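Coordinate inspection notes
Chain residues, written in single-letter form:
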Amino acid sequence: MSAMSCLAGKTALVTAGPTREPIDPVRFISNYSSGKQGYAIAKALVQAGVKVTLVSGPVTIDPPENAIVKHVQTAQQMLEESLACLPVDIAVCCAAVSDWQVSEVAHAKLKKEPSQNNLALELIKTPDILATLGHHRQRPTLLVGFAAETHNHNEYVRSKLSEKNCDWVVANDVSDGKVFGQDTNHASLYDSQSVYEFGLMSKADLAQQIVARINLYFNKKDDTLL
Ligand code: C5P
């Protein structure tokens, strides 16, 4: 039995990329996420024999072959497509979901008046996809979140694990601002008890390492059933 074979036939949802929250028909709120890490995880899962649905915000990279890809723009659409995937064995929420959306999207382009120096936009929270999955009655068996933190990793990540009810959080150190769009990542994997440092590696290698750990997780689960 190959090391990866216990994942064959399992189902997974991967969210990836940024979301775009419209302000008016020509403007939006978004971020610098490239989607590279999520796409690499989707690819590594496909290679391990997993049936993957990739729910992706707008990115410029090609999706992995043999994954079902759902293209979305907003956090709300990402939530709806993610919920439509349930039930799944594994969910990896890699997307850099915008935290905020405007309370009312303007139907026409917002014009600036000659005398105008300010524009106030009211922002409201977007739905939290990871937390919704974490508290769902069809919660994925293994739920993995990501965190981009510049400081106090331990504290923030531990609270994220419990608030969002996920099993693991992969924390990226973004203190040097060098993760977005790069091909490398420096990450640690937290579960409720421990932390494992991956060190600096390519996003493709990190994806393989995460999938190897997902495989171990399901192997261990199988062992406990014997
Ligand atoms: O709370 P924070 O944005 O730091 O959490 C990051 C994790 O939560 C990531 O896994 C991200 O995909 C997920 N998330 C989400 N929906 C949101 C905000 C974050 O799924 N609205």
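Data block above holds the structure.
These numbers were taken from a predicted model, which means no experiment stands behind them.

1. Some remarks on the pattern of salt bridges
A complete count under the given rule lists four salt bridges for this structure. In this structure, the salt-bridge partner of Arg 27 is Asp 24, at a minimum N-O distance of 2.4 Å. Classification of Arg 27 by relative accessible area gives partly exposed; the value is 34%. A relative accessible area of 3% means that Asp 24 is categorised as buried. Across the salt bridge formed by Lys 164 and Asp 128, the nearest N and O atoms sit 2.7 Å from each other. In this pair, Lys 164 is assigned in the loop between α4 (153-163) and β10 (168-173) and Asp 128 in the loop between β8 (123-125) and α3 (129-134), connecting sequence segments 36 residues apart. What makes Asp 128 partly exposed here is its relative accessible area of 29%.

2. Considerations on unusual backbone geometry
Here the amide bond leading from Leu 86 into Pro 87 is cis, since omega sits at 0 degrees, within 30 degrees of zero. Structurally, Pro 87 is set in the loop between α2 (75-84) and β6 (90-93). Although it is not a glycine, Asn 66 adopts a positive phi angle of roughly 70 degrees. Take Asn 66: it is sitting in the loop between β4 (51-56) and β5 (68-71). Backbone geometry at Asn 165 places phi at a positive 55 degrees, although glycine is not the residue there.

3. A look at α4
Among the residues of α4, those classed as buried are His 153, Val 157 and Leu 161. Along α4, the residues classed as buried sweep out an arc of 55 degrees about the axis, all on the same side. Opposite the buried face of α4, by more than 90 degrees, sit the exposed residues Glu 155, Ser 162 and Glu 163. Two residues or fewer after α4 comes Asn 165, characterised by a positive phi angle close to 55 degrees.

4. A look at the nonpolar core
Counting residues in each nonpolar core, the largest one holds 36 residues, and the members touching the most others are Ile 41, Leu 45 and Ile 214. Formed by 22 residues, the second largest nonpolar core is a distinct cluster that contains Cys 85, Ala 147, Cys 166 and Val 169.

5. Re the environment of Ile 214
Of note, Ile 214 is situated in helix α5 (residues 203-225). For the pair Ile 214 and Cys 6, spaced 208 residues apart in sequence, the C-alpha to C-alpha distance is 9.8 Å.

6. Quick notes on the environment of Thr 60
Its location among the elements puts Thr 60 in the loop between β4 and β5. Considering only alpha carbons, one finds Thr 60 and Ser 30, 30 residues apart in sequence, at a separation of 15 Å.

7. Here's the deal with a nonpolar patch on the surface
Side chains of Trp 100, Leu 119, Leu 121 and Leu 123 sit close together on the surface and give an oily, nonpolar patch of about 380 Å² of accessible area. Among the structural elements, Trp 100 can be located in strand β7 (residues 100-102).

8. Re the site of the ligand
Around the ligand sit 13 residues in total, of which Cys 93, Ala 95, Phe 146, Lys 160 and Lys 164 are the nearest. Within the backbone of Ala 95, a nitrogen or oxygen atom sits 2.7 Å from an oxygen atom of the ligand. A distance of 3.4 Å is found between a nitrogen atom of the ligand and a side-chain nitrogen or oxygen belonging to Thr 126. Here the shell around the ligand is built from residues that sort into seven nonpolar, two polar and four charged.

9. Focus on the packing of aromatic side chains
Applying the stated criterion across every chain, the model contains three aromatic pairs. Aromatic pair Trp 168 and Tyr 217: ring centres 5.8 Å apart, planes at 90 degrees, arrangement edge-to-face. Highlighted residues: Trp 168 in strand β10 and Tyr 217 in helix α5, separated in sequence by 49 residues. Overall, the relative accessible area of 8% leaves Trp 168 in the buried class. Measuring from centroid to centroid gives 5.2 Å for Tyr 196 and Phe 198, while their planes differ by 75 degrees, and the two rings are edge-to-face. Residue Phe 198 is classed as buried on the basis of its relative accessible area, which comes to 7%. The lysine or arginine in question, Arg 213, covers the ring of Tyr 196, its NZ or CZ lying 3.9 Å from the ring centre.

Reading the values: the criteria
Residues numbered from 1 in each chain as written. Predicted model: local features only at pLDDT ≥ 70, side-chain atom pairs only at ≥ 80, totals over all residues. Heavy atoms only, no water. Salt bridge = Lys/Arg side-chain N within 4 Å of Asp/Glu carboxyl O. Buried < 20%, exposed > 50% of the residue type's maximum accessible area, 1.4 Å probe, protein only. Helix = DSSP H or I, 4+ residues; strand = E, 2+ residues; numbered from the N terminus. Arc of directions from axis to C-beta. Core = buried A, V, L, I, M, F, W, Y, C linked by side-chain atoms within 4.5 Å. Patch = residues over 30% accessible without salt bridge, like charges linked within 9 Å, V, L, I, M, F, W, Y side chains within 5 Å. Areas by Shrake-Rupley, 256 points an atom, 1.4 Å probe, with all protein chains shown as cover. Near = heavy atom within 4 Å. Polar contact = N/O pair within 3.5 Å; in protein donor to acceptor, adjacent residues only side chain to side chain. Nonpolar A, V, L, I, M, F, W, Y, C, P; charged D, E, K, R; others polar. Phe/Tyr/Trp six-rings, centres within 6.5 Å; stacked < 30°, edge-to-face > 60°. Lys NZ or Arg CZ within 6 Å of the ring centre and 35° of its normal.

Distances and angles like these do not, on their own, reveal function.
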